[in-house]
Amino acid sequence: MEIENKSPLRVHNVRLVDGVSDAAVPDAVLEADADGRITFAGPAGEAPPASRDIPAIDGQGGTLLPGFFDCHVHLGLPSNRSVVEQALTTGDVMRMIQTTHRLRETLESGITSARDLGALPAAYRDAVAGGQLAGPRLQVAVGIISHTGGHADATLPSGLHLDFDFCVLADDVREVRLAARRMLRDGADVIKVCTSGGISSATDDPDDEDLLDEEVAAVVDEARRHRGRPVAAHAQGRAGILAAIRGGVRSVEHGFGIDDRGCDLLGERGAFLVPTLATVFRPLERSKTSPWHYEKKRRWNEFTKKNIAAAIERKVSIAAGTDAGITPHGHNLAELSHLVELGMSPMDAIRAGTVHSARLLEVDDRLGTLRPGMLADLVICAGDPVRDITLLSAPENIVVVAQQGVVRKNTLPTEATGETFVAQHILEGHHD
């Protein structure tokens, strides 16, 4: 999740939520050096004197937070129409243009790092890292491994096969090993498997089991053999959740049917739950939903909320993810409000979207908190999200976004940015 561009930066007149402390620092300063690494983050009275050589931002009393993570996105998929419609009506060039727009939209919503779990080629990750595209730092799965008739089988009920290159079918241990090797060859940072059916797939159900225990374990072994890469499992029903954890995955995605046994296993194995609550809280409209999808959503939504609330109460390790692509792009931080609605404190929800997500992605040695030595990936929110977590849900409230000190978004009034912060090349991220 490296990026090449970096810049010194100073932020002042802000309330600091550093991702670690239980309380915010009311009048704070953050300063980063020429490598975009934080050298100071704390009370203004203890800060080093300002230098005219360092670009400065007056945060106007807003809240400075670590850059947020979304650990479950599909940036290659549209959220305003079905994947079937996209496949039949959108050419490759337009699809690429739309994807680059979604990358910037996601970044400007406050997501400075993301994990894409299918349908995004690794080249987008590399383009963001090299500065050719604006977007979150990326880890990518490239594709999704499932069995014939399972959640990632792109065959429609009519029998038409859409031949999505990111959907890989494997029906025994040998085939899943081969599928995992193909994903790794194509640049995957994480391997995505399906251990249950799904709400959004027409021919199966969340209670259906997908890959077998021994098949999951084989994928985990392949990932381990190749620089210890992690495995994420689409797992909605109870049986699929348990199979995923027994098989050794790093994260359970969705986890709608999780129960006490699943929570126990997560703790025992040190695995994470990424509940993608945006899919559950999204309004259900019969007129805009196919009958089979509507019935599955109606049946699963309410008891999903109860199950995830119980997991929150059990204090399992939770990282934030939205399933954007299935849910709207660019409104990713609404996920934190959903976590709070199900019982998490606002500060813990912020940690789920920052330091805990960084732990899941194994980058917590440099991202996820605003402490000296960490990289200056940060956002400024107008207002105090610790008091009102819903402030983060509106992208217009995210007034500043920076990665490694390079400012990617700044909608503060010009006079608030300070005389030292005028160079357009810094705003555009071309300062090295």
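Cut-offs and rules
Residues numbered from 1 in each chain as written. Predicted model: local features only at pLDDT ≥ 70, side-chain atom pairs only at ≥ 80, totals over all residues. Heavy atoms only, no water. Helix = DSSP H or I, 4+ residues; strand = E, 2+ residues; numbered from the N terminus. Rg over C-alpha atoms; globule rule 2.2 N^0.38 Å. Buried < 20%, exposed > 50% of the residue type's maximum accessible area, 1.4 Å probe, protein only. Contact = heavy atoms within 4.5 Å. Areas by Shrake-Rupley, 256 points an atom, 1.4 Å probe, with all protein chains shown as cover. Expected span 1.5 Å × (residues − 1). Axes fitted to C-alpha atoms, helices over the stretch in contact; angles between N-to-C directions. Parallel < 35°, antiparallel > 145°, perpendicular 65-115°, else oblique. Left-handed = near helix turned anticlockwise from the far one by under 90°. Nonpolar A, V, L, I, M, F, W, Y, C, P; charged D, E, K, R; others polar. Core = buried A, V, L, I, M, F, W, Y, C linked by side-chain atoms within 4.5 Å. Pairing = 2+ DSSP bridges. Right-handed = clockwise from strand over helix to strand, strands pointing away. Salt bridge = Lys/Arg side-chain N within 4 Å of Asp/Glu carboxyl O.

Asker: What am I meant to see in the overall build of the protein here?
Answerer: In terms of regular secondary structure, the protein is built from 13 helices and 17 strands. Its C-alpha radius of gyration of 21 Å places the protein within 12% of the 22 Å reference for a compact globule of 432 residues. With the C-alpha coordinates aligned to their principal axes, the bounding extent of the protein is approximately 65 × 45 × 45 Å. The 432 residues of the protein split such that 58% are buried. Within the protein, residue pairs in contact and separated by at least 24 positions form 68% of the contacts whose partners lie at least 6 positions apart. Total accessible area on the protein is roughly 17100 Å²; 50% of this is exposed by carbon and sulfur atoms.

Asker: What am I meant to see in helix H4 (residues 173–185) here?
Answerer: Since the α-helix advances by 3.6 residues per turn, residues separated by three or four positions end up pointing in the same direction. The end-to-end C-alpha separation of H4 is 18 Å, in line with the 18 Å expected for 13 residues at 1.5 Å each. Contacts made by the buried residues of H4 are with strand S9 (144–146), strand S10 (167–169), strand S11 (191–194) and helix H5 (213–225). Trailing H4 by a residue or two, Gly187 shows a phi angle of about 105°, which is positive.

Asker: I would appreciate a short explanation of the packing of H5 against helix H6 (residues 238–247) in the present structure.
Answerer: The geometry of a pair of packed helices is captured by two quantities: the angle between their axes and the separation between those axes. At a minimum axis separation of 8 Å, H5 and H6 run at an interaxial angle of 40°. By the angle between their axes, H5 is oblique relative to H6. As H5 packs across H6, the resulting crossing turns out to be right-handed. Contacts from Asp213, Val216, Ala217 and Val220 in H5 reach Ala243, Ala244, Arg246 and Gly247 in H6. In terms of residue class, the contact of H5 with H6 is built from five nonpolar, one polar and two charged.

Asker: Help me out: how do you make sense of the packing of H6 against helix H7 (residues 260–269) in this one?
Answerer: The interhelical angle for the contact between H6 and H7, taken along N-to-C directions, is 15°, at an axis separation of 10 Å. The angle between H6 and H7 falls in the class roughly parallel. Of the two elements, H6 crosses H7, and the hand of that crossing is left-handed. In this structure, H6 uses Arg238, Leu242, Ile245 and Arg246 to contact H7, whose residues at the interface are Arg261, Gly262, Leu265, Leu266 and Arg269.

Asker: Help me out: how do you make sense of the nonpolar core in this one?
Answerer: Soluble globular proteins: nonpolar side chains tend toward being buried together. Formed by 77 residues in total, the largest nonpolar core has its most connected members in Ile145, Ile191 and Leu392. Setting aside chain neighbours within four positions, we find Ile191 in contact with Ile145, Ala180, Met183, Leu184, Val219, Ala223, Pro230, Val231 and Ala232. With 21 residues, the next largest nonpolar core counts Ile38, Val400, Ala402 and Leu412 among its residues.

Asker: Please clarify how the pairing of strand S8 (residues 137–140) should be interpreted in this entry.
Answerer: Sheet faces and side chains relate simply in a regular strand, where the side chains alternate between the two faces. Neither face of S8 is open: one carries Arg137 and Gln139, the other Leu138 and Val140, and all of them are buried. Bridge analysis of strand S7 (residues 111–116) against S8 gives four bridges, and the strand direction is parallel. Bridge pairing links Asp116 to Val140 in S8. With respect to chirality, the unit in which S7 leads through helix H3 (residues 122–130) into the neighbouring parallel S8 is right-handed.

Asker: Please explain the pattern of salt bridges as it appears in this structure.
Answerer: Once their charged atoms are close, side chains differing in charge can pair, the charge on each being opposite to the other. If you walk through the whole model with that rule in mind, you get 27 salt bridges. With a shortest N-O distance of 3.0 Å, Asp18 and Arg371 are connected by a salt bridge. Taken together, the residues Asp18 in the loop between strand S1 (9–16) and strand S2 (25–32) and Arg371 in the loop between helix H12 (355–360) and strand S15 (378–381) connect sequence positions 353 residues apart. When its relative accessible area of 33% is taken as the criterion, Arg371 is described as partly exposed. Salt-bridge contacts for Lys305 lead to Glu302; the nearest nitrogen and oxygen are separated by 3.5 Å. Placement of the pair is Lys305 and Glu302 together in helix H9 (residues 291–313), with a separation of three residues, close to one helical turn. Judged by relative accessible area, which is 49%, Glu302 ranks as partly exposed. In the salt-bridge network here, residues are joined through shared partners; they are Arg177, Arg181, Asp221, Glu222, Arg224 and Arg225.

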